[in-house]
Amino acid sequence: MGETTIPGYGYGNAAPSPVSVEELGLLKASVLFGPEDEAALRRAGEVLADQVEEILDVWYAFVGANPQLLAEFSTPDGKPITPYLERVRARFGQWIRDTCTRPYDEAWLAYQEEIAERHTPAKKNTADGVASVPYVPLRYLIALIYPITATVRDFLARGDRPAEEVDAMHEAWRKSVIMQVALWSRPYAPDTW
Ligand code: HEM
């Protein structure tokens, strides 16, 4: 699916992030994310490109098997909203590609802030016009770093690349996901003191 046809996907249209490119540099340094990680992510993007739907199958099975996660895609009285799950799934697939291939610049930071807000009462449910619960608890965002990282390893290993390269791609992915969730914590925990 071309990115422009993904319902609710707003890369390039998001308001500027309150986080500057300079502050992003400091966050990168804090998570030991360097040019070699960028290069490893580009390679990961090539390996994962044809496997995105399979990765999403794994992640969605995981969410579906965990009522505390399925609840965030459901009505307040607990009925899963299938069109919501499907629409977000397409954006999630694009996020895998974006994580590997986009430059981490102002536009990327702007969409990071948009994704953050889409997990909070500021914007959750608005892109899809659904009547779901108002936010995703921050503790689950942090917890999901583990499964979202652990599960990509097998997919990275399928690329017939040497083990050291698989490790490098996996570590770069891990750092990027940690960095993104750190950015997504901003609306939950702004620097206001
Ligand atoms: C490492 C953790 C997580 C990652 C990488 C992640 C990633 C994403 C992405 C890429 C999107 C779509 C952004 C867009 O609109 O373009 C999204 C939306 C969403 N995520 Fe997460 N997410 C994480 C944690 C969670 C958790 C723990 C839940 C709880 C079940 C969750 C529930 C949702 C929901 C409900 C949406 C749709 C929000 C809306 O209404 O627009 N996410 N997430």
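Scroll up to find the structure this text is about.
Residues numbered from 1 in each chain as written. Predicted model: local features only at pLDDT ≥ 70, side-chain atom pairs only at ≥ 80, totals over all residues.

Trainee: I'm lost on the overall build of the protein chain in this one. Help?
Mentor: When helices and strands are counted, the protein chain shows ten helices and zero strands. When the helices and strands of the protein chain are listed from N to C terminus, the series reads α-α-α-α-α-α-α-α-α-α. Its C-alpha radius of gyration of 16 Å places the protein chain within 12% of the 16 Å reference for a compact globule of 193 residues. Overall, the C-alpha framework of the protein chain stretches about 50 × 40 × 30 Å when taken along its three principal axes. Across the 193 residues in the protein chain, those meeting the buried criterion constitute 23%. Of all intrachain contacts in the protein chain linking residues separated by at least 6 positions in sequence, the fraction that spans at least 24 positions is 80%. (Helix = DSSP H or I, 4+ residues; strand = E, 2+ residues; numbered from the N terminus. Rg over C-alpha atoms; globule rule 2.2 N^0.38 Å. Buried ≥ 20, exposed ≤ 12 C-beta atoms within 10 Å, placed from the backbone. Contact = placed C-beta atoms within 7 Å.)

Trainee: Looking at this structure, I do not really get the site of the ligand. What am I missing?
Mentor: Near the ligand lie 25 residues; those nearest to it are E72, R91, W95, Y140 and L144. Secondary-structure elements contributing two or more residues to the shell around the ligand are helix 5 (82-101), helix 6 (106-118), helix 7 (138-143), helix 8 (145-150) and helix 10 (163-184). Looking at the shell around the ligand element by element, the count peaks at four residues for helix 5. Counted by class, the shell around the ligand contains 17 nonpolar, three polar and five charged residues. (Near = placed C-beta within 6 Å. Nonpolar A, V, L, I, M, F, W, Y, C, P; charged D, E, K, R; others polar.)

Trainee: Please explain the environment of V177 as it appears in this structure.
Mentor: Here V177 is to be found in helix 10. Taking the C-alpha atoms as reference points, V177 and E23, separated by 154 residues in sequence, lie 17 Å from one another.

Trainee: Where do I start with the packing of helix 2 (residues 35-48) against helix 10 in this structure?
Mentor: Helix-helix packing is described using two parameters, namely the angle between the two axes and the distance between the axes. Two elements in contact, helix 2 and helix 10, have axes separated by 8 Å at closest approach and are oriented at 105 degrees. On the basis of their axis angle, the class for helix 2 and helix 10 is roughly perpendicular. Of helix 10, the residues touching helix 2 (which contributes D37, A40, L41, R43, A44 and V47) are E165, A168, M169, A172, W173, K175 and S176. (Axes fitted to C-alpha atoms, helices over the stretch in contact; angles between N-to-C directions. Parallel < 35°, antiparallel > 145°, perpendicular 65-115°, else oblique.)

Trainee: Explain unusual backbone geometry to me, please; I cannot follow it from the model alone.
Mentor: Note: most peptide bonds trans; most residues except glycine with negative phi. Phi angles above zero are rare outside glycine, and L32 is one such case at about 60 degrees. Exposure remark for L32: the 9 C-beta atoms within 10 Å place this residue in the exposed category. Phi at N125 takes a positive value of approximately 80 degrees, unusual for a residue other than glycine. Take N125: it is sitting in the loop between helix 6 and helix 7. Judged by the 16 C-beta atoms lying within 10 Å of it, N125 falls in the partly exposed class.

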